[in-house]
Amino acid sequence: MTLPRDYRGQTCALARSMEIVGERWTLLILRDAFYGVRRFGEFAAHLGVPRAVLTDRLATLTEAGVLTRRPGTGTGRREVYGLTPKGVALWPAVRALTVWGEEFYAAGGGPRRVFLHAEDEALLEPDGRCTGCGAAVPVQDVLVAPGPGLAPAAPDDDPVTAALARPHRLLTPLLTTAPSRRPTKGSP
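Everything in this summary refers to the structure shown in the same document. It should be emphasised that the depicted structure is a prediction, and the values quoted were computed from it without experimental measurement.

This paragraph deals with the sheet that holds strand β3 (residues 113–117). Read from one edge of the open sheet, 3 strands run β3-β4-β5, paired in antiparallel fashion. Where the open sheet ends on each side, the last strands, each with one partner, are β3 and β5 (168–169). By the bridge criterion, 5 bridges tie β3 to strand β4 (residues 142–146) in an arrangement that is antiparallel. Directly across from Val114, in β4, lies its bridge partner Ala145.

Below you can see the structure in the form of structure tokens.
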């Protein structure tokens, strides 16, 4: 029997929220959107998600007003996705789940990525405060940077993975041009 897509009979806000962000792959798509991933092919290559699933999740997030989709610049039918203010408001939840994962399911060698305050490049506390100046850092002032547990770059890394090997301010486009090919994880 297939699981229903909604939480009939549940009237709490968490159940309603889970209808939008609770499906497999959705939080990883949101994480990548915070990193600055904008194009369908970039999401597909970095996540290794089946294209039909990605299409469904992007449509759900767009219909819910979490993401916006608009035509990209250049030639062809290449649309770009971006977080709406409603989507940006999910940052504390995405950050909290990332911190929780690092605490209880850490990779060997330390975190793969760390969050820094763009102003002074000091690490952020789990609650999003800067360890250097003590400020509560808004998402647009957060840098994601390689952490000690990040594996060395490989020649076959997808464009998103390669770009995330350098510090990058959240919410700014990660790649300025579309990849010339559309690789997926594990493809030659």
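Looking at the secondary structure, you find His117 in strand β3. According to the relative accessible area criterion, His117 is buried, its value standing at 5%.

Across all of its chains, the model carries 5 aromatic pairs by this definition. On the basis of an interplanar angle of 75° and a centroid distance of 6.4 Å, the ring pair of Phe43 and Tyr81 is categorised as edge-to-face. On the criterion of sequence distance, the pair formed by Phe43 in helix α3 (residues 40–47) and Tyr81 in strand β2 (residues 79–83) is long-range, its members being 38 residues apart. Both residues of the pair, Phe43 and Tyr81, belong to the buried class.

Another aspect to go through is the packing of helix α2 (residues 26–35) against α3. Two elements in contact, α2 and α3, have axes separated by 11 Å at closest approach and are oriented at 120°. The crossing of α2 and α3 is right-handed. Between α2, through Leu28, Ile29, Arg31, Asp32 and Ala33, and α3, the contact on the second element is made entirely by Phe43, His46 and Leu47. By residue class, the composition of the contact of α2 with α3 is 5 nonpolar, 1 polar and 2 charged.

Rules of the game
- Residues numbered from 1 in each chain as written.
- Predicted model: local features only at pLDDT ≥ 70, side-chain atom pairs only at ≥ 80, totals over all residues.
- Heavy atoms only, no water.
- Pairing = 2+ DSSP bridges.
- Helix = DSSP H or I, 4+ residues; strand = E, 2+ residues; numbered from the N terminus.
- Buried < 20%, exposed > 50% of the residue type's maximum accessible area, 1.4 Å probe, protein only.
- Phe/Tyr/Trp six-rings, centres within 6.5 Å; stacked < 30°, edge-to-face > 60°.
- Axes fitted to C-alpha atoms, helices over the stretch in contact; angles between N-to-C directions.
- Left-handed = near helix turned anticlockwise from the far one by under 90°.
- Contact = heavy atoms within 4.5 Å.
- Nonpolar A, V, L, I, M, F, W, Y, C, P; charged D, E, K, R; others polar.

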